[in-house]
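Per-entry structural report
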Amino acid sequence: MTRCAIARRIERGRPGATEPLLGLAVEELRTGRVVGDVMLRLEPSHSIASAPSDAWEGTIGYALHPDVQGRGLAAEAAAELLVSGFRDLGLRRITADAYADNIASNRVLRRIGMRHESTVLAKSMGKDGTWLDDNTWALLREEWPG
């Protein structure tokens, strides 16, 4: 199962991939230990015009091992994804989702300059069977201070 997941990630990172995704490991510099991963999923911007847009947008995500959370690594890694997306890839818009009750993750997205755009009520079923609200955060290239 892990091999398949890794193979899918590698395939999605190739130029021309059907569902392009940049996936990176997060390394703790002090120890050299891999402590998490980040991703930037890419997709063409939506268009209702007669001609499709050539603009692209992305969605960022991150996951860190619990013993390194709260040290700023998620914010540092997510901010670098904004740099890669806006500066290197020329994306027009980048979004991120965080469960509304995940205070730390919402704080990370605010800290890196993203704007709270919406809350969708009862969007996902949680592990305990309750429905969870989902916050969407976004940033346009012209809003990005980088």
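Everything here concerns the structure above.
Summarised in this report is the structure supplied together with it. (Residues numbered from 1 in each chain as written. Predicted model: local features only at pLDDT ≥ 70, side-chain atom pairs only at ≥ 80, totals over all residues. Heavy atoms only, no water.)

Comments concerning the overall build of the protein
This is how the line gets drawn: Every helix listed is a DSSP run of H or I at least four residues long, and every strand listed is a run of E at least two residues long, numbered separately from the N terminus. The reference for a compact globule is 2.2 Å times residues^0.38; the radius of gyration itself is calculated from the C-alpha atoms.
Helix and strand counts for the protein stand at three helices and six strands. Ordering the α and β elements of the protein from the N terminus gives α-β-β-β-α-β-α-β-β. Relative to a compact globule of 146 residues, whose C-alpha radius of gyration would be 15 Å, the protein shows 16 Å and is just as compact. Along the first, second and third principal axes, the C-alpha atoms of the protein reach 50 × 35 × 35 Å.

Topic: the sheet that holds strand S5 (residues 115-125)
The condition that has to hold: Think of it this way: DSSP has to see at least two bridges between two strands before they count as a pair. Only the contacting stretch of a helix is used when fitting its axis, a line to C-alpha atoms as for every element, and angles between N-to-C directions run 0 to 180 degrees. The contact definition used throughout considers only heavy atoms, calling two residues in contact when any of these lie within 4.5 Å.
Overall, mixed pairing links the six strands, which are arranged S1-S2-S3-S4-S6-S5 in an open sheet. Across the chains shown, the open sheet's two edge strands, defined by having one partner strand only, are strand S1 (21-28) and S5. Each strand axis lies, on average, 25° off the axis of its neighbour in the sheet, ignoring direction. On top of the sheet, helix H2 (residues 73-88) reaches S1, strand S2 (33-44), strand S3 (56-64), strand S4 (93-99) and strand S6 (131-140); it is set at about 160° to S3, its chief contact. Across the sheet, helix H3 (residues 103-111) lies against S3, S4 and S6, angled at about 160° from S4, the strand it touches most.

Section: the environment of serine 105
Our working definition: Note on classification: 1.4 Å probe, protein chains only; a residue is buried when its accessible area is under 20% of the maximum for its type, exposed when over 50%, partly exposed between these limits.
With respect to the helices, strands and loops of the structure, serine 105 is situated in helix H3. Assessed through its relative accessible area of 11%, serine 105 is described here as buried. Contacts of serine 105, omitting those with residues within four sequence positions, involve Tyr62 and Ala98.

Structural notes on unusual backbone geometry
The phi dihedral of alanine 122 is positive, around 50°, even though this residue is not glycine. Within the fold, alanine 122 resides in strand S5.

A look at the nonpolar core
To be explicit about the condition: Note on terminology: a nonpolar core comprises buried Ala, Val, Leu, Ile, Met, Phe, Trp, Tyr and Cys residues joined through side-chain atoms within 4.5 Å.
If you look at the biggest cluster of nonpolar residues, it comprises 28 residues, and the most contacted ones within it are Ile60, Leu64, Leu82, Ile94, Leu109, Ile112 and Met114. Elements with a contribution of two residues or more to this core: S2, S3, H2, S4, H3 and S6. Element by element, the count of residues in this core is highest for H2, at nine residues. Those residues in contact with isoleucine 112 that sit more than four places away from it in its chain are Ile60, Ala75, Ala78, Ala79 and Leu82.

Some details on H3
Every α-helical turn comprises 3.6 residues, leaving residues that sit three or four positions apart pointing alike. To be explicit about the condition: For this quantity, the arc is that covered by the directions from the helix axis to the C-beta atoms.
Where H3 is concerned, the buried positions are Ser105, Asn106, Val108 and Leu109. All buried residues of H3 fall inside an arc of 155° around its axis, so they share one side. Exposed residues lying more than 90 degrees from the buried face of H3 are Ile103, Arg110 and Arg111. Buried residues along H3 sit in contact with S3, H2, S4 and S6.

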